Amino acid sequence: MIVVGMISGTSADGIEAVVTRLEGAPPTVRWELLAHRHVPYAPELRAEVFACFRPETGTVDRLCALNFALGRAFGAAALEAIAAAGLTPLQVDLIGSHGQTLWHIADGPQASTLQLGEPAVIAEVAGLPVVSNFRTRDMAVGGQGAPLASYPDTILFRHERLTRAVQNIGGIGNVTYLPPDGVGALGFDTGPGNMLMDDAVQRLTGGAETYDRDGLRAARGTVHAGLLAELLTEPYLRLAPPKTTGRELFGAPYGAQVWARADALGLSGDDRLATLTAFTARSIAQAYRDFLPTMPDEVYVCGGGAHNPTLMHRLRAELAPARVEPIDALGLPSEAKEAQFFAVLAYETWHGRPGNLPEATGAGRHVILGNLTPGPYTPVSPQAPSALTEARNPQTEHIDELSTAELVRVINAEDSRVAPAVAVELPRIAEAIDRVAERMRAGGRLIYFGAGTSGRLGVLDAAECPPTFGTAPDEVVARLAGGAPAITQSVEGAEDDPAAGAQAIAELQVTATDSVMGIAASGGTPYVLGALQEARRRGALTLSLACNRPSAVEALADVAIAPLVGPEVVTGSTRLKAGTAQKLVLNMLSTGVMIRLGKTLGNLMVDVRPINAKLRERARRIVSEACDLSPGDSTALLERCGDEVKTAIVVGRTGLDPAAARAQLAAAGGRIQAAIRASTGE
């Protein structure tokens, strides 16, 4: 998937937006950063954000208006980042927006959080679905809603041998501890990051400057040991994790107290910056020594603090001998890291996977994070190309100019995306297998509907089940738009007829015991939609297999499977990656159902029908393996049992006669192991 991630941090100087390509599933998600943009807030918008930070000026009418104003700003930032990636919104799948935190109460009876940046406005401006409001679900199960960075850290940056810490220094500092084996990962807010330093610069310059550029003021100053010691007595620093903090503790009122204390001590402006910079570095190091299981081998720093040489120098001195580097060394610009994280969290939410780390947030359990706001609705039709299957692939725009060797390498690289995309859908595939098997045990059928390549793949899978698993011809069935002629040639217009799909369901006399799968790479084939609508009306289990999400076909499915393989090498040619993905899913579905129905013994195809020389030899080998018999003895046993492999195995393992073995198999629902246990008491 291609996902936009966005956040405005506690410094509230603007929006960090990334466009990133994400593939695979935990424990490792592969990523490729396509673009990163910092979009500063307009001065008047930033002033309004800071006014709303303060309880005395953040009135309900201002908060209401700010929510929509920030939504417009975030929507515009998403479009700017997408353009910077050389893409259009049509080529992007999803936005993950953290928004702007206005207030955060980490714990206690009033525990709650408020992020603004209305997702409905973002969805309308950018024309894409939006996942937002990530913190609240974690807090709903007892967590503090932060640090949310810990979970993405574990799947993006863990090293196989070294212990790492990933330290964000935005307005607030937070750390994720990453042991090599992943066991015992944790995260928490270490305390102030840039917030107090930024506050001091603004006070010093009357608002003309907002931060200590390159740490120059701190570098010129001298740390006041007494004030530093006082700051280090802050109770939050001694509080054991899980813990979070923010502007509600280290915001303007705290900054005013520090400023007044520095006035009393007669500190120069540069000395104040030197002391506050030392406070941030020391509080981070103290948190490591107090709360991490071991000191890290490597520390990677992100956020604005990574670009403050004075702060980085002090942090290296505090954490020696650990290696301390900007996270840019891992291939991700430090300013982009948090936005990247919200792209990852949105990706995980979209695929129905939890995105919190309870060890870090204190949550009672893993939960799926965020709220989903759909993008603008566009009816799916053959004339309205869908986002993924009809999009142009930027990696292959000049494929006709490549050498043949390079051409096949590019195609192979695109094909490598298929298996990870299918892996993402494994929970849905497993659910489909169990639900189909349940209905087939009750006498139901598995019925495929499709058109073109998708339909032919359904026909192929259905045709292979009888010789492989001994199914009856009417147990796994396929219907193809255009009928039998469409197997070998294109039947124009057949896929555009929803009534034909519904009529085929009626002719099959589909009932509530049947399972009907609609296969459509685009997710909008009318023939398939008509079939699923009629199947739902009759109470059948409905399944969908598409390579787009959202799509019209999944709205009609009880279980929707959608491996998102991305745009094709040749635009719109879904016989390529989409067809490969559909073939893999169908292989998995029918094989899994047959295994659940007892049509294998271990990995032996015990329901094979020996109808030709090859299958007769396979049957003999299966009986030999299962019963530890010689080739001659297994051939004789099969003949005695009428070439029924299952019966021969039960006879060979129990000593029953063939008739009794058949009776035991029938009583056991065709499951060999159960029949053997019933006969022998094993």
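Above: the structure in question.
Residues numbered from 1 in each chain as written. Predicted model: local features only at pLDDT ≥ 70, side-chain atom pairs only at ≥ 80, totals over all residues. Heavy atoms only, no water.

Counting its secondary structure elements, the chain contains 27 helices and 17 strands. With the principal axes as the frame, the chain shows a C-alpha extent of 105 × 55 × 55 Å. Here the chain, with 682 residues, has 54% of them falling under the buried criterion. Within the chain, counting contacts between residues at least 6 apart in sequence, those at least 24 apart form 69% of the total. Put simply, the chain shows about 27400 Å² of open surface, and 53% of that area lies on carbon and sulfur atoms. Distance between charge centroids for the chain: 4 Å, based on 60 positive and 74 negative side chains. (Helix = DSSP H or I, 4+ residues; strand = E, 2+ residues; numbered from the N terminus. Buried < 20%, exposed > 50% of the residue type's maximum accessible area, 1.4 Å probe, protein only. Contact = heavy atoms within 4.5 Å. Areas by Shrake-Rupley, 256 points an atom, 1.4 Å probe, with all protein chains shown as cover. Lys, Arg positive; Asp, Glu negative; His and termini not counted. Charge placed at Lys NZ, Arg CZ, Asp CG, Glu CD.)

If you walk through the whole model with that rule in mind, you get eight aromatic pairs. Judged by centre distance (5.1 Å) and plane angle (80°), the ring pair of F50 and F53 falls under edge-to-face. Taken as a pair, F50 and F53 lie in helix 1 (residues 43–53) at a separation of three residues, close to a single helical turn. Residue classification places F53 among the buried residues on the basis of a relative accessible area of 6%. Summarising the aromatic geometry, the rings of F157 and F341 are spaced 6.2 Å apart at their centres and angled 55° between planes, so their arrangement reads as tilted. Of this pair, F157 sits in the loop between helix 5 (150–156) and strand 7 (164–169) while F341 sits in helix 14 (residues 337–350), and the two are 184 residues apart along the sequence. Residue F157 is classed as buried on the basis of its relative accessible area of 3%. For F341, a relative accessible area of 2% translates into the label buried. Each member of the aromatic cluster is reached from another via a ring pair, and the members are W31, F157 and F341. (Phe/Tyr/Trp six-rings, centres within 6.5 Å; stacked < 30°, edge-to-face > 60°.)

What the five strands build is an open sheet, ordered 9-8-7-10-11; its pairing is mixed. Of all the strands in the sheet, the pair left with one neighbour each is strand 9 (186–192) and strand 11 (323–326). On average, adjacent strands in this sheet sit at an angle of 20° to one another, irrespective of strand direction. Pairing geometry for strand 7 and strand 10 (residues 298–302), over five bridges, is parallel. Within the sheet, the bridge partner assigned to N168 lies in strand 10 and is C302. Taken strand by strand, helix 12 (residues 269–291) contacts strand 7, strand 8 (172–178), strand 9 and strand 10, and its axis lies near 150° from that of strand 9. (Pairing = 2+ DSSP bridges. Axes fitted to C-alpha atoms, helices over the stretch in contact; angles between N-to-C directions.)

Spatial ordering of the open sheet is given by 14-13-15-16-17, a layout of five strands whose pairing is parallel. Of all strands in the sheet, those with a lone pairing partner are strand 14 (476–480) and strand 17 (559–561), marking the two edges. Taken over all neighbouring pairs, the strand axes of this sheet differ in orientation by 20° on average, direction set aside. As defined by bridge partners, strand 15 (residues 515–519) adjoins strand 16 (residues 541–545) across five bridges and the pair is classed as parallel. Each residue of the ladder has a partner; that of I519, found in strand 16, is L545.

A cluster of basic residues, R441, R596, R671 and R677, forms a positive patch on the protein surface. Residue placement: R596 occurs in helix 22 (residues 577–596). Owing to a relative accessible area of 43%, R596 belongs among the partly exposed residues under this scheme. (Patch = residues over 30% accessible without salt bridge, like charges linked within 9 Å, V, L, I, M, F, W, Y side chains within 5 Å. Salt bridge = Lys/Arg side-chain N within 4 Å of Asp/Glu carboxyl O.)

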